[in-house]
Amino acid sequence: KSGPLQILAMPWVTRHGLLTKDDLARSSMLDIEMMLLGRVESCLAARAEELDPNNTAVLTRPGSIDGATVGGERSSMLGRDMILPKSMVALPNIDYVALGHIHKHQVLSQHPPVVYSGSIERIDFGEEQEDKGCVLVELERGAARWRFHKLAARPFVTLSIDVRTTAEPQARVADVISKKQLGGAIVRVLIEASPDQAGAIRVSEIQQQLEAANVSHVATITIDIERVGRSRLGAAAAELLEGLTPRRALELYLRQKNTPAERIAELLAAADELLAEQAAAG
């Protein structure tokens, strides 16, 4: 109704889709990436030149652009994504670049707008704090106006509860849950407890309380038991180190690292000079 719209739709690019077996067999990984980028750039530039400059045009692409920040999907993308420079998509005759694949909404450029709308739902706790929504765009030749429209995405909520300082760990957990709005949320509970509290925390009761709060799903209930032995060792080591001079602490560190005796002597001599300068300045 508003007039003609040209859409330059770039598909998901795969290495095998653009390169022959000979290209792959005879080239290094760097050469392969450079060949890929060169072929994509040539193809996009040629298609952009074919567009009617009198009508609005949009470039769409699923994939990564240089400078984009990934969201919670980071681990699923590592090593498999070809990254294009922004200049490769900010082409003449293109009024707006609509990007997908990365879940985090972001703007990479304004002329023309290069925009990731982001996903409309959260997929894991890595996206717990990210706003989700869609992008509404008004197009005209040579200009594009857009705005991010936030949607009521399903909430992901992490409850981090430290019960080590309380005599009633179960009551502490219940109190924290009761004070949170968890209806419809996907929830995980992370509890820090001392060894003697572990048996007093009943996971089944926590599960029942979360269900009574109408959560959508309980992802996990994890109890992290404090390692008392390590804490005591750390305290003892701290007490020991309090009686050491800086020079003696440095000497012990170097010996622990199996540093040659001559090198230890050189470093201790340098330390003596620095300590003397510090004492004179103080």
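Structure's up top.
Bear in mind the structure is a predicted one, so any value in this text is a computation, not a measurement.

### Let's talk about the overall build of the protein
Logical step 1: In terms of helices and strands, the protein carries nine helices and 12 strands.
Logical step 2: Of all 282 residues assigned to the protein, the portion counted as buried reaches 32%.
Logical step 3: Put simply, of all contacts in the protein between residues at least 6 apart along the chain, 63% involve residues at least 24 apart.
Logical step 4: For the protein, the exposed area adds up to about 17,400 Å²; of that, 53% sits on carbon and sulfur atoms.

### Topic: the packing of helix 5 (residues 169-178) against helix 6 (residues 203-212)
Logical step 1: Two numbers describe how helix 5 lies on helix 6: the axes approach to 10 Å, and their chain directions differ by 15°. Viewed along their axes, helix 5 and helix 6 adopt a mutual orientation that is roughly parallel. Once helix 5 is placed against helix 6, the crossing between them reads as right-handed. Of the residues in helix 6, those touching helix 5 at Gln170, Val173, Ala174, Ile177 and Ser178 are Glu205, Ile206, Gln209 and Leu210.

### Let's talk about the packing of aromatic side chains
Logical step 1: Per the counting criterion, the structure on display carries one aromatic pair.
Logical step 2: Each ring, one from Phe125 and one from Phe156, has its centre 5.0 Å from the other, and the planes form 85°; the classification is edge-to-face. Highlighted residues: Phe125 in the loop between strand 7 (113-116) and strand 8 (133-140) and Phe156 in strand 10 (residues 156-162), separated in sequence by 31 residues. Phe156 matches Phe125 in its accessibility class, with the two residues each being buried.

### Looking at the sheet that holds strand 2 (residues 56-62)
Logical step 1: With mixed pairing, the five strands of this open sheet are ordered in space as 1-2-5-7-6. The open sheet has two edge strands, strand 1 (5-9) and strand 6 (106-110), and neither has a second partner. On average, each strand axis in the sheet is inclined to that of its neighbour by 20°, with strand direction left out of account.
Logical step 2: The pairing of strand 2 with strand 5 (residues 96-100) spans five bridges and is classified as parallel. From the neighbouring strand, Val58 faces strand 5, where its bridge partner is Tyr96.

### So, the pairing of strand 8
Logical step 1: In this structure, strand 8 lies alongside strand 9 (residues 143-150), joined through eight bridges in antiparallel fashion. Considered in strand 9, the bridge of Leu136 is made with Arg147.
Logical step 2: The antiparallel hairpin formed by strand 8 and strand 9 contains two residues in its connecting segment, where Gly142 sits at a positive phi of about 85°.

### Points about the packing of helix 8 (residues 246-256) against helix 9 (residues 261-281)
Logical step 1: The contact between helix 8 and helix 9 brings their axes to 10 Å, and the two run at 160°. Classified by the angle their axes make, helix 8 and helix 9 are roughly antiparallel. Two packed elements cross with a definite hand, and for helix 8 against helix 9 that hand is right-handed. The segment helix 8 lies against helix 9, with Pro246, Arg247, Leu250, Glu251, Leu254 and Arg255 engaging Ile264, Leu267, Leu268, Ala271, Asp272 and Leu275.
Logical step 2: Here the residues of the contact of helix 8 with helix 9 are counted per class, giving eight nonpolar, no polar and four charged.

### A closer look at unusual backbone geometry
Logical step 1: For the bond from His111 to Pro112, the omega torsion is -5°, close enough to zero to count as cis.
Logical step 2: Among the secondary structure elements, Pro112 is positioned in the loop between strand 6 and strand 7.
Logical step 3: If you check the backbone angles, Asn93 has positive phi at about 75° while not being a glycine.
Logical step 4: Along the chain, Asn93 turns up in the loop between strand 4 (83-84) and strand 5.

### Section: the nonpolar core
Logical step 1: In terms of nonpolar packing, the biggest core is built from 26 residues, with Val40, Leu44, Leu59, Leu84 and Ile94 touching the most fellow members.
Logical step 2: When contributions to this core are tallied by element, the ones reaching two or more residues are helix 3 (29-50), strand 2, strand 5 and strand 7.
Logical step 3: Here this core takes six residues from helix 3, the largest share from any one element.
Logical step 4: Residue contacts for Ile94: discarding those within four places in its chain leaves Leu8, Leu51, Ala57, Val58, Leu59, Val89 and Pro112.

### Let's talk about helix 5
Logical step 1: Listed as buried for helix 5 are Pro169, Gln170, Val173, Val176 and Ile177. Down the axis of helix 5, the smallest arc covering the buried residues is 130°, so these residues share one side.
Logical step 2: Among the structural elements, strand 10, strand 11 (186-193) and helix 6 are those in contact with the buried residues of helix 5.

### Topic: the sheet that holds strand 12 (residues 217-225)
Logical step 1: Spatially, 10-11-12 is the arrangement adopted by the three strands of the open sheet, whose pairing is parallel. With partners counted over all chains shown, the strands left at the sheet margins are strand 10 and strand 12, one partner each. Ignoring which end each strand starts from, the neighbouring axes of this sheet average 10° apart.
Logical step 2: Bridge count for strand 10 against strand 11 is seven bridges, and the pairing is parallel.

Rules used throughout
Along each chain, the written sequence defines residue order, and numbers are assigned to residues from 1. Where local features are concerned, this predicted model is filtered to residues with pLDDT of at least 70; where side-chain atom pairs are given and counted, the filter is 80 or more; whole-chain, interface and lining totals use all residues. Calculation of side-chain values draws on the structure's entire complement of heavy atoms; hydrogens and water are dropped beforehand. Secondary structure elements follow DSSP: runs of H or I no shorter than four residues count as helices, runs of E no shorter than two count as strands, and numbering proceeds from the N terminus. Think of it in three bands: residues with accessible area under 20% of the maximum for their type are buried, residues over 50% are exposed, and the middle band is partly exposed, with areas taken using a 1.4 Å probe on protein chains only. Throughout, a residue-residue contact means that at least one pair of heavy atoms, one from each residue, lies within 4.5 Å. Each accessible area is a Shrake-Rupley estimate made with a 1.4 Å probe; only the visible protein chains count as cover when residues are assessed. Each axis is a line fitted through C-alpha atoms, and for a helix only the stretch in contact is used; angles between axes span 0 to 180 degrees, taken between their N-to-C directions. To sort the angles, those under 35 degrees are grouped as roughly parallel, those over 145 as roughly antiparallel, those from 65 to 115 as roughly perpendicular, and the leftovers as oblique. By definition, turning the near helix anticlockwise from the far helix through less than a right angle yields a left-handed crossing, and turning it clockwise yields a right-handed one. Within 6.5 Å between ring centres, the rings of Phe, Tyr and Trp (the latter by its six-membered ring) count as paired, and their orientation is classed by plane angle as stacked under 30 degrees, edge-to-face over 60, tilted in between. Strands qualify as paired when DSSP identifies two bridges or more between them. In this count, Pro and Cys sit with the nonpolar residues alongside Ala, Val, Leu, Ile, Met, Phe, Trp and Tyr, while Asp, Glu, Lys and Arg are called charged and the others, Gly among them, polar. The criterion is simple. A nonpolar core is a set of buried Ala, Val, Leu, Ile, Met, Phe, Trp, Tyr and Cys residues joined through side-chain atoms within 4.5 Å. Of all possible arcs, the one meant is that of the directions from the helix axis to the C-beta atoms.

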